[in-house]
Each structure stands twice: as C-alpha cells, then as structure tokens.
Amino acid sequence: EKIIKMSTSKAHFISFEGIDACGKSTQVKLLLNQMNKASNNTILVREPGGSAISERIREILLDKNLQEMSDRSEALLMTASRSQLTYEKILKNLKNGKNVISDRFSDSTLAYQGGGRKLDLEWLIELNRFATFDLQPDITFLIDIHPEEAIKRKNIQQDRIENAGIDFQIMVRNTYLEIAKRFQDRIVLIDGHSEINQINNKIIDELLRRNIIDEANI
C-alpha cells in the first residue's frame with residue numbers, strides 16, 4: 001500500500017463513479033485509509049444516503065416493492081437525497097478544511113436516470129446544479145467495467161435499481177463514457193478490470209499530477 005503526503009493547499013472533493021459492482025467502493029475505502037493515514041482529515045459519504053434524511057430517501061429509492069415509481073420521481077428523489085447530503089455534510093466539511101470522498105455524486109444521476117431511464121441529460125444537469133448548490137468535485141474517478149463482468153461480481157441480493165437488468169446497465173455505462181468525454185477535465189477514466197492495487201496506483205498518480213497530494217511512496 002502506498003504511503004501518501006497530503007497537499008495542505010485546500011480541502012478537496014473527490015468523487016467515484018461506475019456501474020454497479022465495478023469495484024469503486026473498494027477503491028473509495030482504500031483511498032480514504034491512505035488519506036487519513038497522511039492527515040486524518042478526510043471523510044467518506046455515499047449516495048444515495050449519507051445523512052439521516054438522505055438515508056430515509058435511499059430506503060424508498062431502493063425498495064424492490066416500489067416498482068411503480070416513475071422515472072421522474074426517481075430522478076427527483078435522487079437529487080433530493082444529494083441536495084441534503086451536500087448541504088448537511090459536504091459543503092460544511094469542505095468549508096472546515098476537511099477533504100471529502102463521495103461514493104457516487106451528480107454523474108450517477110446523468111448515467112442512471114439520463115442513460116438508463118432516458119430522461120433529458122441537459123435537464124438533469126440543471127437539476128443537479130440546483131440540488132448541489134453548483135458544487136462540482138475537484139476530480140471524479142470513473143471505474144469502468146463491462147456489464148457482463150459486473151453481473152459475475154454481483155451477490156444474489158439486489159435492490160430495485162440493480163434489478164433493472166443488463167440492458168439497463170449497458171445504457172448506464174455508455175452514458176458514463178459519454179459524460180467522461182464531455183467533462184474530461186474533471187473525470188478520469190480507469191479500467192476497472194485491472195488489479196485492485198494497479199487501479200489504486202493510477203488514482204494516486206492522478207492525484208499527484210493535480211497536486212491534491214504532494215508525494216507517494218511504497
């Protein structure tokens with residue numbers, strides 16, 4: 001595991017994205033441990049959820065018994081959960097000088113509700129801006145894998161959105177790749193089929209390049 005030294009310039013907001021079972025949560029936890037070993041100044045949040053109100057919304061969103069939920073309701077609930085998390089946790093911690101790592105953020109709505117549910121992408125971008133008080137991550141790591149590989153990795157228990165099937169995941173992945181090109185200054189595309197440590201090394205290298213961390217040693 002690499003030992004890193006954090007940059008002291010300012011607090012940073014880092015998000016991770018990808019289709020279900022891409023391995024991003026593993027990378028999130030690995031980076032969180034590395035950053036906190038360096039400065040103990042980083043918090044982790046997840047989406048949907050991350051605050052008391054947002055977690056209640058998450059329960060509704062992922063409930064397998066609520067199949068009648070409309071696509072627009074899903075998008076609005078997702079962004080409502082995000083708005084509360086941003087207001088209650090992310091903005092306050094950044095203001096207080098703490099780094100924030102988020103397991104999913106605005107790009108998830110573009111990929112899942114835009115790509116998967118086929119809602120208008122431009123409308124969702126504006127909705128996200130409203131919900132997040134115009135907050136954007138400093139950097140986003142998109143862990144990309146083929147949906148066929150993701151299905152092999154999944155456990156038996158799946159939530160309402162994960163149950164949407166492989167065609168849905170293919171559309172989500174394709175939209176992720178589209179937005180990675182559109183926001184290429186912010187989004188870093190990483191091959192999720194690589195070994196865990198190789199992926200982590202690429203993440204660390206990119207954080208070094210952007211001066212989010214100052215140095216890294218084995």
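Residues numbered from 1 in each chain as written. Predicted model: local features only at pLDDT ≥ 70, side-chain atom pairs only at ≥ 80, totals over all residues. Heavy atoms only, no water.

Caption draft 1: Spotlight on the overall build of the chain. When you go through the chain residue by residue, the secondary structure sums to 8 helices and 7 strands. For the chain, the spread of C-alpha atoms along the principal axes amounts to about 50 × 35 × 30 Å. Scored against the burial criterion, the 218 residues of the chain give a buried share of 50%. In the chain, the proportion of contacts linking residues at least 24 apart, taken out of those at least 6 apart, comes to 81%. Surface accessibility of the chain: about 10900 Å² in total, with carbon and sulfur atoms responsible for 49%. Side-chain charges in the chain split into 31 positive and 32 negative, and the spacing between the mean points of these groups amounts to 3 Å. (Helix = DSSP H or I, 4+ residues; strand = E, 2+ residues; numbered from the N terminus. Buried < 20%, exposed > 50% of the residue type's maximum accessible area, 1.4 Å probe, protein only. Contact = heavy atoms within 4.5 Å. Areas by Shrake-Rupley, 256 points an atom, 1.4 Å probe, with all protein chains shown as cover. Lys, Arg positive; Asp, Glu negative; His and termini not counted. Charge placed at Lys NZ, Arg CZ, Asp CG, Glu CD.)

Caption draft 2: View of the pattern of salt bridges. Within the structure shown, the criterion is met by 15 salt bridges. Between Glu47 and Arg82 there is a salt bridge, and its shortest N-O distance comes to 2.8 Å. Of this pair, Glu47 sits in the loop between β3 (42-46) and α2 (52-62) while Arg82 is found in helix α3 (residues 71-95), placing the two residues 35 residues apart along the sequence. Assessed through its relative accessible area of 7%, Glu47 is described here as buried. The exposure class assigned to Arg82 is buried, which follows from its relative accessible area of 1%. (Salt bridge = Lys/Arg side-chain N within 4 Å of Asp/Glu carboxyl O.)

Caption draft 3: Here's a closer look at helix α7 (residues 166-182). Across its 17 residues, α7 extends 24 Å between first and last C-alpha, which sits within 8% of the 24 Å expected from 1.5 Å per residue. For α7, every residue scored as buried is listed here: Phe168, Gln169, Val172, Arg173, Thr175, Tyr176, Ile179 and Ala180. For α7, the arc enclosing every buried residue in end-on projection is 165°, short of the 170-degree limit, so these residues lie on one face. In α7, the exposed positions that point more than 90 degrees away from the buried face belong to Asp167 and Lys181. Of the surrounding secondary structure, the elements contacted by the buried residues of α7 are β2 (13-17), α4 (106-116), α5 (121-131), β5 (139-144), α6 (147-153) and β6 (187-191). (Expected span 1.5 Å × (residues − 1). Arc of directions from axis to C-beta.)

Caption draft 4: Quick peek at the packing of aromatic side chains. Summed over the entire model, instances satisfying the criterion amount to 5 aromatic pairs. With a centroid separation of 5.0 Å and 85° between ring planes, the pair formed by Phe13 and Phe105 is classed as edge-to-face. With Phe13 in strand β2 and Phe105 in the loop between β4 (99-103) and α4, this pair connects stretches of sequence that are 92 residues apart. One aromatic cluster is present, built from ring pairs that chain together Tyr112, Phe168 and Tyr176. Lying across the ring of Phe105, Arg82 places its NZ or CZ 5.8 Å from the centre. Arg186 extends its terminal NZ or CZ atom over the ring of Phe183, reaching a point 5.4 Å from the ring centre. (Phe/Tyr/Trp six-rings, centres within 6.5 Å; stacked < 30°, edge-to-face > 60°. Lys NZ or Arg CZ within 6 Å of the ring centre and 35° of its normal.)

Caption draft 5: Expanded view of unusual backbone geometry. In this model, Glu47 is joined to Pro48 through a cis peptide bond whose omega is -15°. Residue position: Pro48 is located in the loop between β3 and α2. One non-glycine residue with positive phi stands out, namely Arg104, at about 85°. With respect to the helices and strands, the residue Arg104 is situated in the loop between β4 and α4. Of note, Phe133 is a non-glycine position whose phi angle comes to about 55°, a positive value. Topologically, Phe133 is positioned in the loop between α5 and β5.

Caption draft 6: Seen up close, the side chain of Ser15. Relative to the elements of secondary structure, Ser15 occurs in strand β2. There is a polar contact of 2.7 Å between the side chain of Ser15 and the side chain of Thr140. Once residues within four sequence positions are removed from consideration, Ser15 is found in contact with Ser102, Phe105, Pro137, Ile139, Thr140 and Phe141. (Polar contact = N/O pair within 3.5 Å; in protein donor to acceptor, adjacent residues only side chain to side chain.)

Any functional reading would require information beyond the geometric quantities listed.
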